[in-house]
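This is what each chain is made of:
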Amino acid sequence: MSKIHVTTKINGEETEYLCQPYDTMLDVLRNQLNLTGSKEVCSSGDCGACSVTLNNRLVCSCLMLAAEAEGKEINTIEGMTKNGNFHILQKKFLEHAALQCGICTPGMLVAAKSLLDKNPSPTETEIRFWLAGNLCRCTGYDKIVRAVQAASDEMKEKA
Amino acid sequence: MIQGTFLTPNTIDEAVKFFSSSEGSVKLLAGGTDLLVQIRNGFTKPDKIIDIKNIRELQEIIDNGNGSFTVGAAVSGASLAEHNKFGKNWPGVLEALRLIGSEQIQGRASLGGNLCNASPAGDSVPALIASGALAKVHGPNGIRSIPVEKINLGPGKTNLQKGEIVTQFDFPDREPSSSDSYLRMIPRTEMDIAVVGCAVNISMDGDKCIDARIALGAVAPTALLVDQAAKIIIGSKLEDDVLNEAAKACQNACKPIDDKRGTITYRKKVSGVLFKRAIQIAKERALKV
Ligand SMILES: Cc1cc2nc3c(=O)[nH]c(=O)nc-3n(C[C@H](O)[C@H](O)[C@H](O)COP(=O)(O)OP(=O)(O)OC[C@H]3O[C@@H](n4cnc5c(N)ncnc54)[C@H](O)[C@@H]3O)c2cc1C
Ligand code: FES
Ligand code: FES
């Protein structure tokens, strides 16, 4: 099979790569572009550890072909820190101990950011529903929900 | 444009041409939330993949007035939910599509993919059937419009011919005091496959039901339009005995399987229960519009 040449934007940077038709976006991020923040856990859309945004839409990069990124914009966890400064969500995750092993964390953060971008003042129920596709085997979720609430509050104060 | 085995047509004509002239196994890709899982677990190994998401007609949501809409087959659940009018006119269709997976899955999952994947448990399919939507199908021999209930033949089987693509769904005009609803029974509260799904679409005139379409999912090889139940309630005031009789018609229409998710007896019983709950919701909504 001949390789496919893709030109796309990842975390704001023009990026090019060659991929096979069956390569997923997650394969290319991790194995070719060295963006290993997005994790591979289930490879079937169930766990959300591979969450990225595609043209600002939250998706599982394990259920997306790398070839589909042509002409699109992808944002990953690596794009969340700006000029070496943590995003408020990242700070709140640390303050609230919203992680233990950390495997779910990149996906949680990407998903939570996509929620706050769309809805700056989510209710607890809205947070829990939005993050239902992100599985965490360590924290019991409560601390994650609190961290997202705290980030939402602080972002509103600053705005 | 043509790059080996991954094609991204921008027009329907191009897509049909690629799809109908391709040798070997070819698969259409909409949101990929079924297809990529199937490729991953070795269930299918297409030689060629045609991504249909870059075709304008498949991404459009058109408000035709009078409650009628044309919705592109590849529109995602997240994007249909953002439309300011569709969900007011077709809340049952929208809630059925929105039940599919998580927010990540919603970013990609489409009505066309849910229908053409032809799982007996596809959540949006009963709602599409109850709505009376027509699927517009483009193929090498032209365009045909097919009632949604005629598309699926059995698990994984559709009656689409070689080269045919579902491009859009046409939702009919809405009569006054009409609405719809969808309920499913799953063993967990979220992220699971329906054991039974029931969609109801009704029109009321005061307290009288003047039109109805009822559909069931996950209780037969394909989702079912249950005409017998609709006939029983049309013309009635939806009194308890009428609803009990219609619920029985729903149960009788089921040809379910016995599996770890639900026995035949259970699925039949639940289909009647869900019907009674779904019609209550549809009626309340209808009386408000
Ligand atoms: C974690 C997870 C949870 C899920 N939960 C649910 C659930 O609760 N309920 C449910 O019903 N489903 C569920 N699904 C299954 C899936 O998300 C849905 O069936 C979805 O609607 C498929 O749409 P898609 O656009 O992703 O389809 P694709 O995967 O792109 O396509 C599915 C099939 O249809 C064909 N196809 C797609 N579009 C067309 C078209 N326009 N014309 C002709 N053929 C076409 C494709 O070739 C393919 O064979 C879930 C999947 C995952 C991964
Ligand atoms: S690895 Fe993609 S959802 Fe689990
Ligand atoms: S912190 Fe370990 S899975 Fe969430």
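Each chain has its residues counted from 1, following the order in which its sequence is written. All chains are assigned letters beginning with A, and all ligands numbers beginning with 1, in the order in which they are written. At least 70 in pLDDT is required for a residue's local features to be given in this predicted model, at least 80 for side-chain atom pairs to be given and counted, and no such filter applies to totals for whole chains, interfaces and linings, which use all residues. Only hydrogens and water are set aside when side-chain values are computed; all heavy atoms of the structure are taken into account.

**Description of the nonpolar core**
All names here are of chain B. Quick reminder of the rule: Throughout, nonpolar core names a set of buried Ala, Val, Leu, Ile, Met, Phe, Trp, Tyr and Cys residues whose side chains join them through atoms within 4.5 Å. Exposure classes here rest on a 1.4 Å probe applied to the protein chains alone. A residue is buried below 20% of its type maximum, exposed above 50%, and partly exposed in between. Any two residues having at least one pair of non-hydrogen atoms within 4.5 Å are treated as being in contact.
Within the largest apolar cluster, 80 residues are counted, with the highest numbers of intra-cluster contacts made by Phe-86, Phe-169 and Phe-171. Excluding anything up to four places from it in sequence, Phe-169 contacts Phe-69, Thr-70, Val-71, Ala-73, Leu-111, Gly-112, Leu-115, Leu-128, Leu-134, Ala-135 and Val-148. Among the nonpolar cores identified, the runner-up in size contains 33 residues, and Ala-212, Cys-254, Phe-275 and Ala-286 belong to it.

**A closer look at the interface of chain A and chain B**
Buried accessible area, meaning the area lost when the parts come together, often serves as the stated size of an interface. As a reminder of what qualifies: Throughout, buried area stands for the accessible area (probe radius 1.4 Å) lost by two parts on being put together, summed over both. Definition used for salt bridges: Asp or Glu carboxyl oxygen within 4 Å of a side-chain nitrogen of Lys or Arg. In protein, a polar contact means a hydrogen-donor-capable atom and an acceptor-capable atom, both N or O and within 3.5 Å, with residues adjacent in sequence counting only if both atoms are side-chain atoms; elsewhere, any N or O pair within 3.5 Å suffices. Each helix is a run of H or I in the DSSP string that is no shorter than four residues. Each strand is a run of E no shorter than two, and both are numbered from the N terminus. For this scheme, ten residues count as nonpolar: Ala, Val, Leu, Ile, Met, Phe, Trp, Tyr, Cys and Pro. Four count as charged, namely Asp, Glu, Lys and Arg, and the remainder, Gly too, count as polar.
Counting residues at the interface gives 33 residues for chain A, matched by 30 residues for chain B. Of all residues in chain A, the largest losses of buried area upon contact with chain B belong to Tyr-22, Arg-57 and Leu-63 of chain A, amounting jointly to 27% of the total for that side. Between the two partners, chain A and chain B, sit five salt bridges. Taking the shortest distance from any N to any O, the salt bridge between Glu-40 of chain A and Arg-40 of chain B comes out at 3.3 Å. Here chain A and chain B share 10 residue pairs in polar contact (both at pLDDT 80 or more) between them. Put simply, the parts of the chain that give the side of chain A that touches chain B at least two residues each are β1 (4-10), β3 (51-54), β4 (57-60), α3 (105-118) and α4 (124-130) of chain A. Of all the elements, β4 of chain A adds the most residues to the side of chain A that touches chain B, at four residues. Residues that form the side of chain A that touches chain B fall into these classes: 16 nonpolar, 10 polar and seven charged.

**Let's talk about the pairing of β3 of chain A**
Residue and element names in this part refer to chain A. Selection rule: Only strands that DSSP links by at least two bridges are regarded as paired with each other.
Alternating residues of β3 divide into Ser-51 and Thr-53 and Val-52 and Leu-54, and every residue in both groups is buried. In this sheet, β4 lies alongside β3 in antiparallel orientation, the contact comprising four bridges. Across the sheet, Leu-54 pairs through a bridge with Arg-57, a residue of β4. Between the antiparallel neighbours β3 and β4 lie two residues, among them Asn-55 with a positive phi of about 45 degrees. Here β3 pairs with strand β5 (residues 73-75) via two bridges, running antiparallel. Of the residues in β5, the one forming a bridge with Thr-53 is Asn-75.

**As for the side chain of Ser-61 of chain A**
Residue and element names in this part refer to chain A. Mapped onto the elements, Ser-61 comes out in the loop between β4 and β5. At 2.7 Å, the side chain of Ser-61 forms a polar contact with the backbone oxygen of Cys-50. Ignoring sequence-local partners within four residues, the contact set of Ser-61 consists of Thr-24, Met-25, Leu-26, Leu-29, Cys-50 and Val-52.

**Details of the pairing of strand β13 (residues 208-217) of chain B**
Residue and element names in this part refer to chain B. Bridge count between strand β12 (residues 196-205) and β13: nine bridges; the pairing is antiparallel. Considered in β13, the bridge of Asn-201 is made with Arg-213. Taking the residues between adjacent antiparallel strands as the criterion, β12 and β13 are bridged by two residues, where Gly-206 takes a positive phi near 65 degrees. Linkage of β13 to strand β14 (residues 224-225), two consecutive antiparallel strands, is achieved through a turn of six residues, within which Ala-218 is found at a positive phi near 70 degrees.

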